[in-house]
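In case you want the letters, here they are:
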Amino acid sequence: MSNLSSVTSEHRRRSFWVRLSEVERSAVVQRATVEKYAKGATLMSAGEVGDTAAVIHRGQVRVVGAGGRAGLANRFAGDIVGEQAMLDGQVRSATVLADSPVQALVLPNTALSGLIELHPGVLRVLCAVLSERLCESDRVLGNQLDNALTKVVDFLVRTLDDSRERGDRWVSINIKSQAELATRLAVSRASVVRALSALRRDGCITTGRRGVVVVVDPDALRAGNKRVRECRT
């Protein structure tokens, strides 16, 4: 027990585990079950009821979206995973996979509740972790939008160039649907929606029914394409 409650060089600085006091770490160990996972094993699955959280004591894990299609984050020794679904009582929105052999301290909901009641400092640390995760999520969404905007503008400019060779002034582009364009560009549909909305606000395009996008200001679209590329280099 005493070894498990200690902080080692493997534990990430400013992680959940490192921020706890020695007394709080000992209380976690007393209430947790020690579980070991082989590399590639699933610690938690999207869609399941979030009734446990786990402190990664050794090793590292990868958090992926439903179906394992997109990597969302990496977590290391000292980090806690699964806490959000357990605290809000919702099903898990992501899957946690072992990227190496992992040893974790698994806490059921009742154990965490009792721990917080006796040691309120644990809740303060959890709140700090959740706040950091929210900021991290905002950065990821921002990067996804930048990436989607670049791809959407590139697609529209290429199509515009092909059409302008034929002498067209305004170009109507049939993307069929936002979902189909998202698949074609390998981004999320939500990112395509936000990218098209941004281009509409800038006066570059208008959108209509049946997947029609009209480029009404080719110069502004080209300028936007140049600015996005300069920002990314």
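Summary of the structure given here. (Residues numbered from 1 in each chain as written. Predicted model: local features only at pLDDT ≥ 70, side-chain atom pairs only at ≥ 80, totals over all residues. Heavy atoms only, no water.)

Section: the overall build of the protein chain
Applied cut-off: The helix and strand labels rest on DSSP assignments: H or I over at least four residues marks a helix, E over at least two residues marks a strand, and numbering proceeds from the N terminus. Buried residues are those whose accessible area, probed at 1.4 Å on protein chains only, stays under 20% of the maximum for their type, while exposed residues exceed 50% and partly exposed ones sit between those limits. Only heavy atoms enter the contact rule, under which two residues are in contact if any of them lie within 4.5 Å. The method behind every accessible area is Shrake-Rupley, applied with a 1.4 Å probe, and residues are considered shielded solely by the protein chains displayed.
The secondary structure content of the protein chain amounts to 8 helices and 11 strands. A burial count over the protein chain gives 42% of its 233 residues as buried. Sequence-distant contacts, at least 24 apart, represent 72% of the contacts inside the protein chain between residues at least 6 apart. Approximately 13100 Å² of the protein chain is accessible, and the part contributed by carbon and sulfur atoms is 49%.

Notes on the environment of S26
By secondary structure assignment, the location of S26 is in helix 2 (residues 22-31). On the basis of relative accessible area, S26 is assigned to the partly exposed category, the value being 24%. A sequence separation of 21 residues divides S26 from S5, and the C-alpha atoms of the two residues are 5.1 Å apart.

Topic: the pairing of strand 4 (residues 61-65)
The cut-off we apply is this: Think of it this way: DSSP has to see at least two bridges between two strands before they count as a pair.
In terms of residue burial, strand 4 counts as a mostly covered element, since 4 of its 5 residues are buried. With 5 bridges joining them, strand 4 and strand 7 (residues 94-98) adopt antiparallel strand pairing. When the sheet's bridge partners are listed, V61 is paired in strand 7 with A98.

Details of the sheet that holds strand 1 (residues 33-37)
Strand order in the open sheet formed by 4 strands is 1-8-3-6, with antiparallel pairing between adjacent strands. Two strands close off the open sheet at either side, each with one partner strand: strand 1 and strand 6 (80-81). Direction of pairing for strand 1 relative to strand 8 (residues 102-108): antiparallel, over a ladder of 5 bridges. Bridging from a neighbouring strand, T33 pairs with V106 of strand 8.

Topic: the packing of helix 6 (residues 178-185) against helix 7 (residues 189-201)
Here is the rule we go by: All axes here are fitted lines through C-alpha atoms, helices being fitted over the stretch that makes contact, and every angle between N-to-C directions spans 0 to 180 degrees. Any angle between 65 and 115 degrees counts as roughly perpendicular, while under 35 counts as roughly parallel, over 145 as roughly antiparallel, and the rest as oblique. Under the scheme applied, nonpolar residues are Ala, Val, Leu, Ile, Met, Phe, Trp, Tyr, Cys and Pro; charged residues are Asp, Glu, Lys and Arg; polar residues are all the others, including Gly.
In the contact formed by helix 6 and helix 7, the axes pass within 8 Å of each other and the chain directions differ by 110 degrees. Looking at the two axes, helix 6 sits roughly perpendicular to helix 7. Contacts between helix 6 and helix 7 involve Q178, A179, L181 and A182 from the first element and R189, V192, V193 and L196 from the second. Considered class by class, the residues forming the contact of helix 6 with helix 7 number 6 nonpolar, 1 polar and 1 charged.

Section: the environment of V49
Tracing the backbone shows V49 in the loop between strand 2 (42-44) and strand 3 (52-58). Along the primary structure V49 and S93 are separated by 44 residues, whereas in three dimensions their C-alpha atoms are 9.8 Å apart. Those residues in contact with V49, other than ones at most four positions away along the chain, are V91 and R92.

Examining helix 7
Helical periodicity: at 3.6 residues per turn, an α-helix aligns residues three or four positions apart in one direction. Threshold: By this rule the span expected of a helix is its residue count minus one, scaled by 1.5 Å.
With 13 residues, helix 7 ought to run about 18 Å at 1.5 Å a step, and its terminal C-alpha atoms sit 18 Å apart, in line with that. Following helix 7 by one or two positions, G203 adopts a phi angle in the positive range, close to 80 degrees.

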